[in-house]
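If you want the building blocks of each chain, they are given just below.
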Amino acid sequence: MLQAPTTMLNALAALTSLHDRDALSLSLCITLQEIFDFTQLDLYHYRAAPLQTDCAWQIKHTIHLQDGQMSQSWHWHDHEILSNLSPELDPLITQALSSSEASVLSADGYRVVRCLYSANQPQLLIDCRNTTTLSAKDLHVLHGMTRIYENHSTLLDYGQTDSLTGLLNRKTLEQQFFKVMAHQKNLNNLDLSSADIECERRSHPDNEVYFLAVMDIDHFKRINDQFGHIYGDEVLLLIAQLMKASFRSEDHLFRFGGEEFVIMIGPQSEYSALQAVERFRERVAQFDFPQVGQVTISIGITQLLDFEILSTVLGRADEALYQAKDQGRNRVVSAAIDASSIKAHSPNNGSIELF
Ligand SMILES: Nc1nc2c(ncn2[C@@H]2O[C@H](COP(=O)(O)OP(=O)(O)OP(=O)(O)O)[C@@H](O)[C@H]2O)c(=O)[nH]1
């Protein structure tokens, strides 16, 4: 069953050259499938649920490999709900979460579920099925492969997140922006032969696009001056926690620098995106920050137009943020986009602006 060492070394070299998380987990699945030839392999992303839900964990079924065919799905589910809907997921998944691995041999074959960690947090679940049980040597290789994945993933975490808040850092913004742009263009230029994209289109109507919001804490210098930098840092940390609790799992949250944050929202309608940032602004304004009391934020938000570069979008959101500050702070301003810009960036328009 196991491949030659050079094949495995090449697979590992390819795996550890990747810096994008989705590409990394996809590569892990394909590599494991190639090495072990499992009858079925499923990958689940695993994360702590936002604070407002009662459920402790959410899982997202992302990759399903069977008979050489791969399918992907994107939706987050509360773990408890999913286990009620699909009892066969449990108890192995629950067991794997408490002891990092669980396996069973039944009339249906052999199944091993392994929980993968990044920076000591559960991150992925791989659910492998085989006709027979894996040998001790095969298990040893499986453990080695997943440990290499975990080490590489932990290193990526250090490079891509901000150490104080745990949000994505500024360096990662550009990378995520390209991914989001590519996704938005995919939604606009659909290849109808692709079942996955067709499924995605059904769940994202035409008026749903991505938005970028720039958020800045109001009078943060005063907080530092009055209470000291330690309390200033605590405000930054709590704001980051409120962001994680307020926005959807699919939204991308960044600490852009100092007391400035960026949120990439979508795909959503403009109404929902504005509602999401407005709800977050209110939530911050109502929060009682220890010692400091009330803190407010200002937000500038704009839609992402196809073929734009990051600096253009950031510039527009920043301009809206400036207006929010100018109008008295503690508010959201949406950057006006004139119809001609949308038309100029439309994929159906002959005069697409490329640069
Ligand atoms: N505690 C703490 N303070 C920081 C950090 N990064 C930047 N700052 C402070 O954030 C403050 C930003 O102040 P300003 O740019 O003047 O803006 P502001 O006081 O928030 O005023 P407005 O944006 O106009 O509402 C400065 O005092 C910086 O020293 C950090 O990581 N921790």
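Residues numbered from 1 in each chain as written. Predicted model: local features only at pLDDT ≥ 70, side-chain atom pairs only at ≥ 80, totals over all residues. Heavy atoms only, no water.

**Student:** Honestly, the nonpolar core in this entry has me stumped. Any pointers?
**Tutor:** In a soluble, globular protein the nonpolar side chains are often hidden away together inside. One finds I217, V235, I239, M243, F247, F280 and F289 to be the most contacted residues of the largest nonpolar core, which totals 31 residues. Of all the elements in the fold, those that place two or more residues in this core are β8 (209–217), α8 (220–227), α9 (229–246), β10 (260–268), α10 (270–286) and β11 (297–303). Sorting elements by how many residues they give to this core places α9 first, with seven residues. Within the second largest apolar cluster, 26 residues are counted, among which are C29, L116, L142 and L156. (Core = buried A, V, L, I, M, F, W, Y, C linked by side-chain atoms within 4.5 Å. Buried < 20%, exposed > 50% of the residue type's maximum accessible area, 1.4 Å probe, protein only. Helix = DSSP H or I, 4+ residues; strand = E, 2+ residues; numbered from the N terminus.)

**Student:** When you look at the site of the ligand in this model, what are you seeing that I'm missing?
**Tutor:** By nearness alone, 16 residues border the ligand, and H219, F220, N224, D233 and R255 come closest of all. Within the contact set of the ligand, an oxygen atom lies 2.8 Å away from a backbone nitrogen or oxygen of F220. One of the backbone nitrogen or oxygen atoms of K221 is found 2.9 Å away from an oxygen atom of the ligand. Calculation on the ligand without its partners gives an accessible area of 660 Å², and the protein chains cover 65% of this total. Counting only elements with at least two residues in the shell around the ligand, the list comes to β8, α8 and α9. (Near = heavy atom within 4 Å. Polar contact = N/O pair within 3.5 Å; in protein donor to acceptor, adjacent residues only side chain to side chain. Areas by Shrake-Rupley, 256 points an atom, 1.4 Å probe, with all protein chains shown as cover.)

**Student:** Sorry if this is basic, but what is going on with the sheet that holds β10 here?
**Tutor:** The pairing of strands in a sheet happens through backbone hydrogen bonds and is either parallel or antiparallel. With mixed pairing, five strands are arranged side by side in an open sheet as β9-β10-β8-β11-β12. Single-partner strands in this sheet number two, and they are β9 (252–257) and β12 (332–334). Shown here is a sheet whose adjacent strand axes are inclined to one another by a mean of 20 degrees, direction ignored. The strands touched by helix α11 (residues 310–326) within the sheet are β8, β9, β10, β11 and β12, with β11 carrying the most contacts at an inclination of about 140 degrees. (Pairing = 2+ DSSP bridges. Axes fitted to C-alpha atoms, helices over the stretch in contact; angles between N-to-C directions. Contact = heavy atoms within 4.5 Å.)

**Student:** Can you walk me through the UniProt feature "domain: GGDEF" (unreviewed entry) in the protein chain in this structure?
**Tutor:** UniProt's feature table lists "domain: GGDEF" (unreviewed entry) at residues 208–337, given in the numbering used throughout. Summarising residues 208–337: 46% helix, 26% strand, and an end-to-end C-alpha distance of 16 Å. (UniProt positions renumbered as here; feature names shortened; annotations may be inferred.)

**Student:** What's the story with the packing of aromatic side chains in this structure? I'm lost.
**Tutor:** Each aromatic ring pair is specified by the distance between its two centres and by the angle formed by the two planes. The tally for this structure, following the rule as stated, stands at four aromatic pairs. Between F36 and F38, the aromatic rings sit 5.2 Å apart at their centres with planes inclined by 20 degrees, giving stacked as the arrangement. In this structure, R170 packs its charged tip against the face of F256, placed 3.9 Å from the ring centre. (Phe/Tyr/Trp six-rings, centres within 6.5 Å; stacked < 30°, edge-to-face > 60°. Lys NZ or Arg CZ within 6 Å of the ring centre and 35° of its normal.)

**Student:** Honestly, the packing of α8 against α9 in this entry has me stumped. Any pointers?
**Tutor:** In helix packing, the relevant descriptors are the interaxial angle and the interaxial distance, both defined with respect to the helix axes. For the pair α8 and α9, the least separation of the axes is 7 Å and the interaxial angle reads 135 degrees. Taken together, α8 and α9 sit at an angle that is classed as oblique. Where α8 abuts α9, its residues F220, I223, N224 and F227 lie against H229, Y231, G232, V235 and L236. For the contact of α8 with α9, the residue count by class is six nonpolar, three polar and no charged. (Parallel < 35°, antiparallel > 145°, perpendicular 65-115°, else oblique. Nonpolar A, V, L, I, M, F, W, Y, C, P; charged D, E, K, R; others polar.)

**Student:** For this particular structure, what's the right way to read helix α2 (residues 21–36)?
**Tutor:** Residue pairs spaced three or four apart in an α-helix point in one direction, given the helix's 3.6 residues per turn. Taking 1.5 Å of rise per residue, 16 residues should cover 22 Å, and α2 covers 22 Å from first to last C-alpha, within 8% of that figure. All of the buried residues along α2 are R21, L24, S25, S27, L28, C29, T31, L32, Q33, I35 and F36. Looking one or two residues past α2, D37 carries a phi angle of roughly 55 degrees, positive in sign. (Expected span 1.5 Å × (residues − 1).)

**Student:** In this structure, what is going on with the pattern of salt bridges? I would like to understand it.
**Tutor:** Opposite charge on two side chains makes pairing possible when the charged atoms of those side chains draw close. For the structure shown, the criterion picks out 13 salt bridges. A salt bridge links K221 to D225, with the nearest nitrogen and oxygen atoms 3.0 Å apart. Highlighted residues: K221 and D225, both in helix α8, separated by four residues, approximately one helical turn. R248 is the salt-bridge partner of D251, the closest N and O atoms lying 3.8 Å from each other. Salt bridges here are not isolated pairs; linked through shared partners, they connect D20, D22 and K179. (Salt bridge = Lys/Arg side-chain N within 4 Å of Asp/Glu carboxyl O.)

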